[in-house]
Each structure stands twice: as structure tokens, then as C-alpha cells.
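In case you want the letters, here they are:
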Amino acid sequence: NAGVTQTPKFQVLKTGQSMTLQCAQDMNHNSMYWYRQDPGMGLRLIYYSASEGTTDKGEVPNGYNVSRLNKREFSLRLESAAPSQTSVYFCASSEVINQETQYFGPGTRLLVL
Amino acid sequence: DQQVKQNSPSLSVQEGRISILNCDYTNSMFDYFLWYKKYPAEGPTFLISISSIKDKNEDGRFTVFLNKSAKHLSLHIVPSQPGDSAVYFCAASHLNFGNEKLTFGTGTRLTIIP
């Protein structure tokens, strides 16, 4: 039981490049989330998926797109990376959308030059 | 607008003593509060929570206190151990209104000195 896994662990991009961050959970959770963590800002919600087939914007969605590929997988795409998107990205999941306890992956550290 | 605030970016405590981490919130609609713990290069892990119908919740060495009138909560760790050195995030939500989003504070880095 791996919990929440994220790939890659670390990535360097040039401004304007695109990439997809992958997330998968094996806990049969319905809801999944993408956060970014920046110094002095805490964790901020980018997008979330309450259940398979649905996605919604969070606090800071600009510059990102998401896909809930199936119940297990929730990907985050940067179409044209900008230095402001340098951050640590965390994926999380919970059993249901109103469940307050979320389980987090280990994070993806992204550097945009 | 930071709705959940952790005003102390860092805290150092001697091993065996009590660690007190503080959190303030501004949104009176919040009715559920959580603490997450984060080690370097790992994701946050859930530590303890409290509903707004309570003013205290204990789990082993960890106790969370909620003062609704002051919109303040605190996490007490007694006794503090070296393994408690981590970043602690306070988070809040308003479950009763079906709001699924957690709002996180900026974190407090706790260092336990042996």
C-alpha cells in the first residue's frame, strides 16, 4: 500500500516549456487535490476533483490544467511554465470530498528558469 | 487575505519540555481545525483535529485547544522529543457548509534541542 505517489520528484524547466505532474493513490479515495507550497505562503489549493469525472478550481488555478484520468490518477499540467510557478507541488487524496483528513504525496519540486 | 495565521515562523524547545504552537483564524465560519506535521522532502501528515463543538482534544502527547471567542487554537506537545522537529501547519475548514477546501496557515518550524 503505497498511499499517494507523485512523479517526478524533481524537475527543471525553461520558461515556456510544458510538463505534466503525475499523481496516483491506491486507497480507493474519491477525492483528489493539487496544492503548491511556497515560502511564507503555506499550502494553497490549485485544483481539486471531488470524484472521478469532476474537477474544480481552487485558490490559485491560473496557468494550470488538470485531468482526473480515472479514480486513481489526477494529473497537473503546466502548458507554458513561468518562473512564478517554481514551487513544491503536493498531491493529496481523501475518501470523500467533505472528509477533512487528506493524505499527501511526497511532493514534486519544480524549478522554472 | 490570510484567513489562517501562524505568526511564529520558528520555535526552539528543549527536549522534555512543552512545545506550544499557535494559530489564529479570521473566518468565523470555520468549524473544523487540523494540525499537520511535515518533515523535509515528505508530504504533510495529519496529526490531530478538533471540531468547533469542543474546546480540547487529546491524542497521546498531543493536545489541541480551541478558543472560539478569540479565534485561536494551539497545539501542545508534552514532552517534546527530537522526532517532533518538523514544520507544523494549522488548517481549517467549514465542513457543515459542505466546503471541501482546507485553508492552511504558513507553518511553524519546530526544533527540539537535545
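Further up the page is the structure itself.
Report on the accompanying structure.

Definitions and cut-offs
Residues numbered from 1 in each chain as written. Chains lettered and ligands numbered in written order. Predicted model: local features only at pLDDT ≥ 70, side-chain atom pairs only at ≥ 80, totals over all residues. Heavy atoms only, no water. Pairing = 2+ DSSP bridges. Helix = DSSP H or I, 4+ residues; strand = E, 2+ residues; numbered from the N terminus. Axes fitted to C-alpha atoms, helices over the stretch in contact; angles between N-to-C directions. Salt bridge = Lys/Arg side-chain N within 4 Å of Asp/Glu carboxyl O. Buried < 20%, exposed > 50% of the residue type's maximum accessible area, 1.4 Å probe, protein only. Contact = heavy atoms within 4.5 Å. Buried area = accessible area lost by both parts, 1.4 Å probe. Polar contact = N/O pair within 3.5 Å; in protein donor to acceptor, adjacent residues only side chain to side chain. Nonpolar A, V, L, I, M, F, W, Y, C, P; charged D, E, K, R; others polar. Phe/Tyr/Trp six-rings, centres within 6.5 Å; stacked < 30°, edge-to-face > 60°. Patch = residues over 30% accessible without salt bridge, like charges linked within 9 Å, V, L, I, M, F, W, Y side chains within 5 Å. Areas by Shrake-Rupley, 256 points an atom, 1.4 Å probe, with all protein chains shown as cover.

1. Structural notes on the sheet that holds strand 1 (residues 4-7) of chain A
Residues and elements named next belong to chain A.
Part 1 of the argument: The antiparallel open sheet is built from four strands, whose spatial order is 1-3-8-7. Each edge of the open sheet is held by one strand with a lone partner, namely strand 1 and strand 7 (64-68). Strand after strand, the sheet turns through a mean of 20° between neighbouring axes, direction not considered.
Part 2 of the argument: Bridge count for strand 1 against strand 3 (residues 19-25) is four bridges, and the pairing is antiparallel. Note that in strand 3 the partner of Gln6 across the bridge is Cys23.

2. A look at the pattern of salt bridges
Residue and element names in this part refer to chain A.
Part 1 of the argument: Taken as a whole and judged by the stated rule, the model has six salt bridges over all chains.
Part 2 of the argument: When the shortest N-O distance is used, the salt bridge between Arg44 and Asp38 registers 2.9 Å.
Part 3 of the argument: Using a relative accessible area of 10% as the deciding quantity, one classes Asp38 as buried.
Part 4 of the argument: Three or more residues joined by partner-sharing salt bridges are found here, namely Arg36, Asp38 and Arg44.

3. Notes on the interface of chain A and chain B
Part 1 of the argument: On the chain B side, the residues contacting the 18 residues of chain A number 19 residues.
Part 2 of the argument: Contact between chain A and chain B buries roughly 1,600 Å² in total, counting both sides, with carbon and sulfur atoms accounting for 61%.
Part 3 of the argument: If you look at where chain A meets chain B, you find zero salt bridges.
Part 4 of the argument: Counting every contact that joins chain A to chain B gives two residue pairs in polar contact (both at pLDDT 80 or more).
Part 5 of the argument: Put simply, the parts of the chain that give the side of chain A that touches chain B at least two residues each are strand 4 (31-38) and strand 5 (42-49) of chain A.
Part 6 of the argument: Ranked by the residues each element gives to the side of chain A that touches chain B, the list is headed by strand 5 of chain A, at four residues.
Part 7 of the argument: Tallied by class, the residues present in the side of chain A that touches chain B amount to ten nonpolar, seven polar and one charged.

4. Looking at the packing of aromatic side chains
All names here are of chain B.
Part 1 of the argument: Counted under the stated rule, the structure contains twelve aromatic pairs over all chains.
Part 2 of the argument: With 4.6 Å between their ring centres and 40° between their planes, Tyr25 and Phe33 make a pair best called tilted. For the pair Tyr25 and Phe33, a shared accessibility class is recorded, and that class is buried.
Part 3 of the argument: Between Tyr36 and Phe46, the ring centres sit 6.0 Å apart and the planes meet at 75°, which makes this aromatic pair edge-to-face.

5. Observations regarding the side chain of Asn27 of chain B
All names here are of chain B.
Part 1 of the argument: For Asn27, the position within the fold is in the loop between strand 3 (19-25) and strand 4 (32-38).
Part 2 of the argument: A polar contact of 2.8 Å, which involves the side chain of Asn27, links it to the backbone nitrogen of Met29.
Part 3 of the argument: Those residues in contact with Asn27 that sit more than four places away from it in its chain are Gln3 and His94.

6. What about a nonpolar patch on the surface?
Part 1 of the argument: A cluster of nonpolar side chains, contributed by Phe10, Val12, Leu111 and Leu113 of chain A, occupies part of the molecular surface with about 360 Å² of accessible area.
Part 2 of the argument: For Leu113 of chain A, the position within the fold is in the segment after strand 11 (108-112).

7. Comments concerning the sheet that holds strand 1 (residues 4-5) of chain B
Residues and elements named next belong to chain B.
Part 1 of the argument: Pairing is antiparallel across the open sheet formed by five strands, whose spatial order is 1-3-8-7-6. The sheet is open, and its two borders are formed by strand 1 and strand 6 (56-59), each paired with just one other strand.
Part 2 of the argument: The sheet contact formed by strand 3 and strand 8 (residues 72-77) spans six bridges and is antiparallel. For Ser19, the partnering residue across the bridge sits in strand 8 and is Ile77.

8. Some details on unusual backbone geometry
Part 1 of the argument: Here the amide bond leading from Thr7 of chain A into Pro8 of chain A is cis, since omega sits at -5°, within 30 degrees of zero.
Part 2 of the argument: Relative to the assigned elements, Pro8 of chain A resides in the loop between strand 1 and strand 2 (10-13).
Part 3 of the argument: Along the chain, Val78 of chain B connects to Pro79 of chain B via a cis peptide bond; the corresponding omega equals -15°.
Part 4 of the argument: With respect to the helices, strands and loops of the structure, Pro79 of chain B is situated in the loop between strand 8 and strand 9 (86-93).
Part 5 of the argument: One non-glycine residue, Asn28 of chain A, lies in positive phi territory at about 60°.
Part 6 of the argument: With respect to the secondary-structure elements, Asn28 of chain A resides in the loop between strand 3 and strand 4.

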